[in-house]
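Listed below are the residues making up each chain.
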Amino acid sequence: MAAGGWTYAALAHEVEVDPKSVERWVNLGRTPRRATALQAAKALGEDVHALWPALRQARPARAISPELVALYEQRADIPVSAFTDLMARARERIDILVHAAVFLHEAYPRLNELLTERCTVRIAIGDPDSDNVQARSREERFGHGIESRCRLALMHYRPLAGTPGIDVRTHETTLYNSLYRADDQQLVNAHVWGVNAYAAPVWHLRRHETRGMFDTYADSFDAVWATATPVREEG
């Protein structure tokens, strides 16, 4: 107030309160009602929470998100049919972001055929020669296991390259989560340092409202996809 030349009376007039109220804010540390505080902060050109920290309200945590369909302690608890059934119900898009996820082809050899029956499919698998994939191998203590699984995944998916509606790419990013999206549903397999993905948690999300958790992961896929390298057709 002093820096801006504000008197008690002038600020009180601006925010339509009694000058004694302003005096109590200054001398007694009183906190005005939120609406009044916002008016005063705007007049003073200051952040309302800097003036009255007590008005800072933590966003209440929700016990259960409306987007959370199910939570699994580890991916191994989920039958492969949960992944393939999700994809089979897709009518608009399927997005897959993984290092390799060869368990899908191993347990469901018709996966490529299923994917060709869908509308738009984007598959991003780890580049076995990238620094991040090799670092992940060291972290999981599997030697060259992940690089070899990435090469195997590439072998499985390469026949889809060039198929109308299907795009296969390799990525070099640090993969924090594996994502399996089918329209407005998504399985998110967390990555835990030193733990193979099959032993890490999975949450099943269904889009409930825009800019929720579902969209956070969907945006993450798009960001990785933009940096990924297209896989060429065989031959």
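Here, every reference points to the structure presented above.
As the structure is a computational prediction, the values presented were derived from the model and not from experiment.

**As for the pairing of strand 2 (residues 93-97)**
Burial analysis of strand 2 places four of its five residues in the buried class, the great majority of the element. For strand 2 and strand 3 (residues 120-126), the ladder comprises five bridges, and the chain directions are parallel. When the sheet's bridge partners are listed, Leu97 is paired in strand 3 with Ala124. In terms of strand pairing, strand 2 meets strand 5 (residues 177-182) through four bridges, oriented antiparallel. Counted as the bridge partner of Asp95 is Arg181 from strand 5.

**Looking at the sheet that holds strand 6 (residues 185-190)**
Strand order in the open sheet made by the eight strands is 1-7-6-5-2-3-4-8, with mixed pairing throughout. In this open sheet, the two strands that pair with only one neighbour each are strand 1 (68-72) and strand 8 (229-230). Taken strand by strand, helix 5 (residues 80-88) contacts strand 2, strand 5, strand 6 and strand 7 (202-206), and its axis lies near 40° from that of strand 5. Contacting strand 2, strand 3 and strand 4 (166-171), helix 9 (residues 145-157) runs over the sheet at an angle of about 155° to strand 3.

**Brief notes about the packing of helix 1 (residues 8-15) against helix 2 (residues 19-28)**
The N-to-C vectors of helix 1 and helix 2 enclose an angle of 115°; their axes lie 8 Å apart at closest approach. It follows that helix 1 is roughly perpendicular to helix 2 by the angle criterion. Every pair of crossing elements has a handedness; the one defined by helix 1 and helix 2 is right-handed. Contacts from Tyr8, Ala9, Leu11, Ala12 and Val15 in helix 1 reach Pro19, Val22, Glu23, Trp25, Val26 and Asn27 in helix 2. A class-by-class count of the residues in the contact of helix 1 with helix 2 yields nine nonpolar, one polar and one charged.

**Side note on unusual backbone geometry**
Despite not being glycine, Ala101 has its phi angle at roughly 50°, a positive value. Tracing the backbone through its elements, the reader meets Ala101 in the loop between strand 2 and helix 6 (103-107). Positive phi is not limited to glycine here, since Asp183 has a value of about 55°. In this fold, Asp183 is placed in the loop between strand 5 and strand 6. Given the relative accessible area of 16%, Asp183 is considered buried.

**Here we look at the nonpolar core**
Counting 32 residues, the largest nonpolar core has Met87, Ile96, Leu104, Leu115, Ile123, Tyr157 and Tyr180 as its most contacted members. When residues in this core are grouped by element, the largest group, four residues, is from helix 5. Each residue touching Tyr157, except ones within four places of it in the same chain, is listed here: Ile96, Ala100, Leu104, His105, Leu111, Asn112, Leu115, Ile123, Ile125 and Val168. Grouped together as the second largest cluster of nonpolar side chains are 14 residues, Ala124, Trp203, Leu205 and Tyr217 included.

About the criteria used
- Residues numbered from 1 in each chain as written.
- Predicted model: local features only at pLDDT ≥ 70, side-chain atom pairs only at ≥ 80, totals over all residues.
- Heavy atoms only, no water.
- Buried < 20%, exposed > 50% of the residue type's maximum accessible area, 1.4 Å probe, protein only.
- Helix = DSSP H or I, 4+ residues; strand = E, 2+ residues; numbered from the N terminus.
- Pairing = 2+ DSSP bridges.
- Contact = heavy atoms within 4.5 Å.
- Axes fitted to C-alpha atoms, helices over the stretch in contact; angles between N-to-C directions.
- Parallel < 35°, antiparallel > 145°, perpendicular 65-115°, else oblique.
- Left-handed = near helix turned anticlockwise from the far one by under 90°.
- Nonpolar A, V, L, I, M, F, W, Y, C, P; charged D, E, K, R; others polar.
- Core = buried A, V, L, I, M, F, W, Y, C linked by side-chain atoms within 4.5 Å.

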